[in-house]
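Here is what each chain is made of, one letter per residue.
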Amino acid sequence: MIYLYLLSLILLTIYIMYAVRMCGVPWSLSDTYYQLKKRNRPAWLFQMAMIIPAMLLMPVWLECSSGNLQFLAFLSCGGLMFVGSAPLFKEEFQSKVHYTGTAISGLAAILWLCLSGLWWLPLITVNAAVGIAIFKSRWMFWLEMAAFVSTYIGLLIRIIQK
């Protein structure tokens, strides 16, 4: 299972690094779809970066979850896959799917962390993100990074404990 976790983390990290290198720090990670397209780069990479890491992470996350919290792991990964399947968040229909997937994914991940006794992880990462955003702006991007970082660290802690 550690290989799935690492592959998920590596793929997501590579995409974020690529997108920031090509476009600069975006307003949000979702905005990289439009920014890459504008620069004649493959925008579909955003979709793959949301769907594939979530698919790889789901079995790991389910295994690390207690029975009554597994639904949160499923909702978080599923929500992220919906984000990837509806990348055109500026269009009316896709925006509903995209924003709903984003909200479900983020809230489920934070709830899972809090209910798993790792409440301090989102607290630390969100405070760090706010601090960075004050100096660098682009607060949405930094909050998204905080959510990803706290989730992956929380899962690593649970993997090590198993």
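Look up a bit, the structure's there.
Thresholds applied
Residues numbered from 1 in each chain as written. Predicted model: local features only at pLDDT ≥ 70, side-chain atom pairs only at ≥ 80, totals over all residues. Heavy atoms only, no water. Helix = DSSP H or I, 4+ residues; strand = E, 2+ residues; numbered from the N terminus. Polar contact = N/O pair within 3.5 Å; in protein donor to acceptor, adjacent residues only side chain to side chain. Contact = heavy atoms within 4.5 Å. Core = buried A, V, L, I, M, F, W, Y, C linked by side-chain atoms within 4.5 Å. Buried < 20%, exposed > 50% of the residue type's maximum accessible area, 1.4 Å probe, protein only. Patch = residues over 30% accessible without salt bridge, like charges linked within 9 Å, V, L, I, M, F, W, Y side chains within 5 Å. Areas by Shrake-Rupley, 256 points an atom, 1.4 Å probe, with all protein chains shown as cover. Salt bridge = Lys/Arg side-chain N within 4 Å of Asp/Glu carboxyl O. Axes fitted to C-alpha atoms, helices over the stretch in contact; angles between N-to-C directions. Parallel < 35°, antiparallel > 145°, perpendicular 65-115°, else oblique. Left-handed = near helix turned anticlockwise from the far one by under 90°. Nonpolar A, V, L, I, M, F, W, Y, C, P; charged D, E, K, R; others polar.

A word on the side chain of Gln94. By the secondary structure assignment, Gln94 is in helix H5 (residues 92-115). Engagement of the side chain of Gln94 in a polar contact is seen with the backbone nitrogen of Leu88, the distance being 2.9 Å. For Gln94, the contacting residues outside a window of four places in its chain are Ala86, Pro87 and Leu88.

Our focus in this paragraph is the nonpolar core. Ranked by internal contacts, the top residues of the largest apolar core, which has 44 residues, are Leu29, Met50, Trp61 and Trp112. Counting residues per element, the ones that place at least two in this core are helix H1 (2-23), helix H2 (31-38), helix H3 (44-64), helix H4 (70-85), H5, helix H6 (120-136) and helix H7 (139-161). The dominant element in this core, judged by the number of residues it contributes, is H3, at nine residues. When neighbours within four sequence positions are excluded, Trp61 is seen to be in contact with Ala73, Ser76, Cys77, Ala109, Trp112, Thr151 and Leu155.

We now examine unusual backbone geometry. For Asn40, which is not glycine, the phi torsion reads 60° and is therefore positive. Positionally, Asn40 belongs in the loop between H2 and H3. The exposure class assigned to Asn40 is exposed, which follows from its relative accessible area of 72%. Although it is not a glycine, Ser137 sits at a positive phi angle of roughly 60°. In this structure, Ser137 sits in the loop between H6 and H7.

Here we come to the side chain of His98. Summarising the element assignment, His98 is placed in helix H5. Looking at His98, the relative accessible area reads 2%, which means it is buried. A distance of 2.7 Å separates a polar atom in the side chain of His98 from a polar atom in the side chain of Ser30. Leaving out residues up to four positions away in the same chain, His98 has contacts with Ser30, Phe46, Val83, Ala86, Pro87 and Phe89.

Here we come to a nonpolar patch on the surface. Residues Ile2, Tyr3, Leu6, Ile10, Ile14, Leu156 and Ile160 make up a contiguous nonpolar surface patch of roughly 700 Å² in combined accessible area. Taken together, the elements giving at least two residues each to the nonpolar patch come down to H1 and H7. Among the elements that line the nonpolar patch, the one with the most residues is H1, at five residues. Following the sequence through the fold, Ile14 ends up in helix H1.

Once that is clear, we can look at the packing of H1 against H7. Following both chains from N to C, one finds H1 and H7 inclined at 165°, their axes separated by 11 Å at the closest point. In terms of axis orientation, H1 runs roughly antiparallel to H7. Where H1 crosses over H7, the handedness of that crossing is left-handed. Of H7, the residues touching H1 (which contributes Ile2, Tyr5, Ser8, Leu9, Leu12, Ile16 and Val20) are Phe141, Met145, Phe148, Tyr152, Ile153, Leu155, Leu156 and Ile159. The residue makeup of the contact of H1 with H7, split by class, is 14 nonpolar, one polar and no charged.

To continue, consider the packing of H3 against H7. Any two packed helices are characterised by how steeply their axes cross, that is the angle between the axes, and by the distance between the axes. Between H3 and H7, the least distance of the axes is 10 Å, while the angle of their chain directions is 45°. Judged on the interaxial angle alone, H7 and H3 are oblique. In this structure, the crossing between H3 and H7 has a hand that is left-handed. Seen from H3, the contacting residues are Pro53, Leu57, Val60, Trp61 and Cys64; seen from H7, they are Thr151, Tyr152, Leu155, Arg158 and Ile159. The class makeup of the residues in the contact of H3 with H7 is eight nonpolar, one polar and one charged.

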